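# Structural features, examined
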Amino acid sequence: MVLQMWTMLTRNVIVLCVSYSCVTYAADQPNIVFIIADDLGWNDVGFHGSNQIPTPNLDALAYNGIILNSHYAQSSSTPTRSALLTGKFPMRLGMQGPGIAAAEKRALPEHKILPEYFKDMGYVTHLVGKWHLGYSRWNETPTFRGFDHHFGYYNSFMSYFDYLSTWTYNDKDYTGFELRSDGVPAFEETGKYATDLFTDIGTNIINEHDNSRPLLLLVSHLAVHAANKGKPLEASQETVNKFQHIVDANRRTYAAMVSKLDDSVGAIVDALDQKGMTSNSIIVFISDNGAPTVGEYQNWGSNYPLRGIKNTLFEGGIRTIALIWSPLIVQSTRVATDMMHVADWLPTLFTAAGGDIGLLDPELDGIDLWSSLVYDLPSPRNDILINIDEKTRNAGLRFYNWKLIVGTSLNGTYNHYYGHIVMEDIDSQPYNTSAIYDCPVGKVVRKINYNPVTESEYERLRRMATLRCLVPGAKKNPCDPATGSVCLYDIPSDPCEENDLAKFFPSVVRRMKRALVDYRQSLVPQIEGEIDIDMADPKLFKYTWNPWVDCSDLTCELS
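Summary of the structure given here. Since this is a predicted model, take the numbers as computed values, not measurements.

Calculation rules
- Residues numbered from 1 in each chain as written.
- Predicted model: local features only at pLDDT ≥ 70, side-chain atom pairs only at ≥ 80, totals over all residues.
- Heavy atoms only, no water.
- 1 Å grid on protein atoms, 1.4 Å probe; cavity = no way out; pocket = protein on both sides within 12 Å on 5 of 7 lines; lining within 4 Å.
- Points joined across faces, edges and corners; volume = space filled by probe spheres on them.
- Helix = DSSP H or I, 4+ residues; strand = E, 2+ residues; numbered from the N terminus.
- Nonpolar A, V, L, I, M, F, W, Y, C, P; charged D, E, K, R; others polar.
- Phe/Tyr/Trp six-rings, centres within 6.5 Å; stacked < 30°, edge-to-face > 60°.
- Buried < 20%, exposed > 50% of the residue type's maximum accessible area, 1.4 Å probe, protein only.
- Lys NZ or Arg CZ within 6 Å of the ring centre and 35° of its normal.
- Pairing = 2+ DSSP bridges.
- Axes fitted to C-alpha atoms, helices over the stretch in contact; angles between N-to-C directions.
- Disulfide = S-S within 2.5 Å.
- Contact = heavy atoms within 4.5 Å.
- Parallel < 35°, antiparallel > 145°, perpendicular 65-115°, else oblique.
- Core = buried A, V, L, I, M, F, W, Y, C linked by side-chain atoms within 4.5 Å.

### Points about the layout of surface pockets
- Counted as a void, the largest pocket has a volume near 700 Å³.
- Taken together, 34 residues line the largest pocket, and the ones lying closest to its centre are Ser76, Pro98, Gly99, Glu296 and Asn311.
- Elements with a minimum of two residues in the lining of the largest pocket: α2 (77–86) and β19 (383–389).
- Classifying every residue of the lining of the largest pocket by side-chain character gives 13 nonpolar, 16 polar and 5 charged.
- In this structure, the second largest pocket encloses a volume near 370 Å³.
- Lining the second largest pocket are 24 residues, and of these Pro54, Thr55, Pro56, Asn432 and Ala435 lie nearest its centre.
- Those elements that provide at least two residues to the lining of the second largest pocket are α1 (56–64), α6 (249–274) and α10 (433–438).

Here you go:
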């Protein structure tokens, strides 16, 4: 084996060659830590105006970074993750439908995806937590799709302590173990709380990282997704007891789960600081979609004041919590209202890492917003295809300030307002700015930021990031697409989608419908996924959910 390394002084570039394989990377490339919460509601963080669940670490990151107040994802997990990793709208991939189920023979199509691009630039790539992009074959799993290492699970959820998930097919329950380390079942970890476990794995990766190489770490949390029927929400009683001011018992447990998620962010940022990596790091935090306050996989999250929930195209389903923090950001704007889509992260972070944008797939839907984020330049993003689902005939589009919704999902059952029903408190809670200032993230950013936000500024930024519906006396014109109506909203002035303007602006409706028709020309029909439970039955694989295609009779061990 021949190992050669040298530095080209003209661009501070390192070319590392092992045998006949080389990667090229800039010596000052930033470390990237991308944290994904699962089903976290808009109203479940302090910086959006709620006092019910303190999130000091997230608030400290948000106030000292940029709150992305118009960040859009897809309405459920698999489509959002497809868009994040490919930089494409899911309907161009056949991934615009529901999430992939256990034992379903469906996966993210073969495309070069985010970790592969970053490996080409010399990054060490880690995924901790949820995958949910297919696993019927080994080559569909994370370590075969560009991640050097994966510690986590393949399906959409698991229980928080024993890492099991149960799925029902033909009135029969199938239960399997989910947790894996580079494909190998991690039975020895059973009993540890999943959020804490993923945090420990993430901080260990940081602690053991070789700083001569840039790090790409995706921490894709189970929290705060509901787990199995019978015990959908799980947290230690000690943590639950911190939320005795909340009336609803399930909401109390949910609050404890959010609190542990916030602790996780604090621990990860502290680990970066202890390793000396924060001064050259980018940290992103998003939720993959809105909370399912009611309905399937109900977790008692709140999207207040937004309309709709997960799996709908209303703002409560697709407008998600998002922030970015980095010392590399020099602009002073703390609350960004420009639109951003989850598909934009691939080209944006690729550029931040020093990549040549011309090396990306020219058919990406994602737009490079790095300059806009760093220097507060005008955003090139002025429209977002929210989705086109040819099976449900449900579609949505943002165009400048306008939003159009055609058709409905979930039979129109959850098109209304649900965020308020879990917000009742026994005692009102004050907003504790001192906790934000003194939390782990607060302490780190004061050391690293050139101009850290003071405690007195938190409330001002919070007011800017808090959405408000139309005033009580304002004219409201309800619209329910389940009745066949086409709904048009001016989102900046009506984020709660209370006043349908379709009949007042027919030319806007026509133009946006034509845009949807144009988008539909590139639609790839949804991939049909057969539920192959007879072959994927966990009992055939030592009671684990395991790749099953192209395997021997009873085992399918990772080669």
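### Quick word on the packing of aromatic side chains
- Scanning all chains against the criterion turns up 21 aromatic pairs.
- Ring centres of Trp131 and Phe147 lie 6.4 Å apart, and the angle between their planes is 90°; this geometry places the pair in the edge-to-face category. You can see Trp131 sitting in the loop between β8 (124–130) and β9 (149–153) and its partner Phe147 sitting in the loop between β8 and β9, a full 16 residues away along the chain. Here Trp131 matches Phe147 in class, with each residue buried.
- Taken together, a centroid distance of 6.3 Å and an interplanar angle of 70° make the contact between Tyr163 and Phe177 edge-to-face. With a gap of 14 residues between them, Tyr163 in the loop between β9 and β10 (164–169) and Phe177 in strand β11 (residues 172–177) connect regions that are remote in the sequence.
- For Tyr163, a relative accessible area of 0% gives the class buried.
- Counting every residue linked through ring pairs, the aromatic cluster contains Tyr117, Phe118, Tyr123 and Phe350.
- Its guanidinium or amino end placed over the ring of Tyr431, Arg462 lies 3.6 Å from that ring's centre, counting from NZ or CZ.

### Considering the sheet that holds strand β16 (residues 322–325)
- Strand order across the open sheet formed by 10 strands is β13-β12-β9-β8-β14-β4-β15-β16-β5-β17, with mixed pairing between neighbours. The open sheet has two edge strands, β13 (184–185) and β17 (335–336), and neither has a second partner.
- Pairing of β8 with strand β14 (residues 215–220), which is carried by 6 bridges, proceeds in the parallel orientation. Bridging from a neighbouring strand, Thr125 pairs with Leu216 of β14.

### What about the sheet that holds strand β22 (residues 487–490)?
- Pairing is antiparallel across the open sheet formed by 4 strands, whose spatial order is β19-β20-β21-β22. At either end of the open sheet lies a strand with only one pairing partner, and these are β19 and β22. Recorded for the sheet is a direction-independent mean angle of 10° between the axes of neighbouring strands.
- Direction of pairing for β19 relative to strand β20 (residues 394–399): antiparallel, over a ladder of 6 bridges. The residue of β20 that forms the bridge with Asn387 is Gly396.

### So, empty space enclosed by the protein
- For the structure shown, the criterion picks out 2 cavities of 30 Å³ or more.
- Roughly 70 Å³ of internal volume is contained in the largest cavity.
- Lining the largest cavity are Ile36, Arg81, Leu84, Leu85, Leu127, Lys130, Trp131, Leu133, Phe147, Leu218 and Ser220.
- Approximately 40 Å³ is the volume attributed to the second largest cavity.
- In this structure, the second largest cavity is lined by Thr312, Leu313, Phe314, Asn394, Ile405, Gly407, Thr408, Ser409, Asn415 and Pro481.
- Here the lining of the second largest cavity is built from residues that sort into 4 nonpolar, 6 polar and no charged.

### A look at the state of the cysteines
- Across all of its chains, the model carries 2 disulfides by this definition.
- In this model Cys469 forms its disulfide with Cys496; the gap between the sulfur atoms is 2.0 Å. Classification of the bridge connecting Cys469 and Cys496 rests on its S-S torsion, roughly -85°, and on that basis the disulfide is left-handed. With Cys469 in the loop between α12 (458–465) and β22 and Cys496 in the loop between β22 and α13 (506–520), this pair connects stretches of sequence that are 27 residues apart.

### What about α2?
- A large share of α2 lies buried, amounting to 10 of its 10 residues.
- All of the buried residues in α2 are Ser77, Thr78, Pro79, Thr80, Arg81, Ser82, Ala83, Leu84, Leu85 and Thr86.
- For α2, the elements touching its buried residues are β4 (31–37), α3 (114–120), β8, β14, β18 (340–341) and α8 (345–352).
- Looking one or two residues past α2, Gly87 carries a phi angle of roughly 75°, positive in sign.

### Some thoughts on the packing of helix α4 (residues 194–207) against α6
- In the contact formed by α4 and α6, the axes pass within 9 Å of each other and the chain directions differ by 10°. Between α4 and α6, the interaxial angle falls into the category roughly parallel. Here Thr195, Asp196, Thr199, Thr203, Ile206 and Asn207 of α4 lie close against α6, whose contacting residues are Lys260, Leu261, Ser264, Ala267, Ile268, Ala271 and Leu272.
- Tallied by class, the residues present in the contact of α4 with α6 amount to 6 nonpolar, 5 polar and 2 charged.

### Details of the pairing of β8
- For β8, a buried count of 7 out of 7 residues is recorded, marking the element as mostly surrounded by other parts of the structure.
- Sheet analysis places β8 next to β9, joined by 5 bridges and oriented parallel. When the bridges of β9 are listed, Gly129 appears paired with Gly152.

### A few points about the nonpolar core
- Ranked by size, the top nonpolar core spans 135 residues in total, and within it Leu40, Phe118, Phe285, Ile324 and Trp345 carry the most contacts.
- Sort the elements by how many residues they give to this core and α6 lands first, with 11 residues.
- Residues in contact with Ile324, not counting those within four places in the same chain, are Gly65, Ile66, Leu68, Ile282, Ile283, Val284, Ile329, Trp345, Trp370 and Leu373.
- Ala395, Leu397, Leu404 and Tyr519 belong to the second-largest nonpolar core, a separate cluster that totals 19 residues.

Function-wise, these values are silent; they only describe arrangement.
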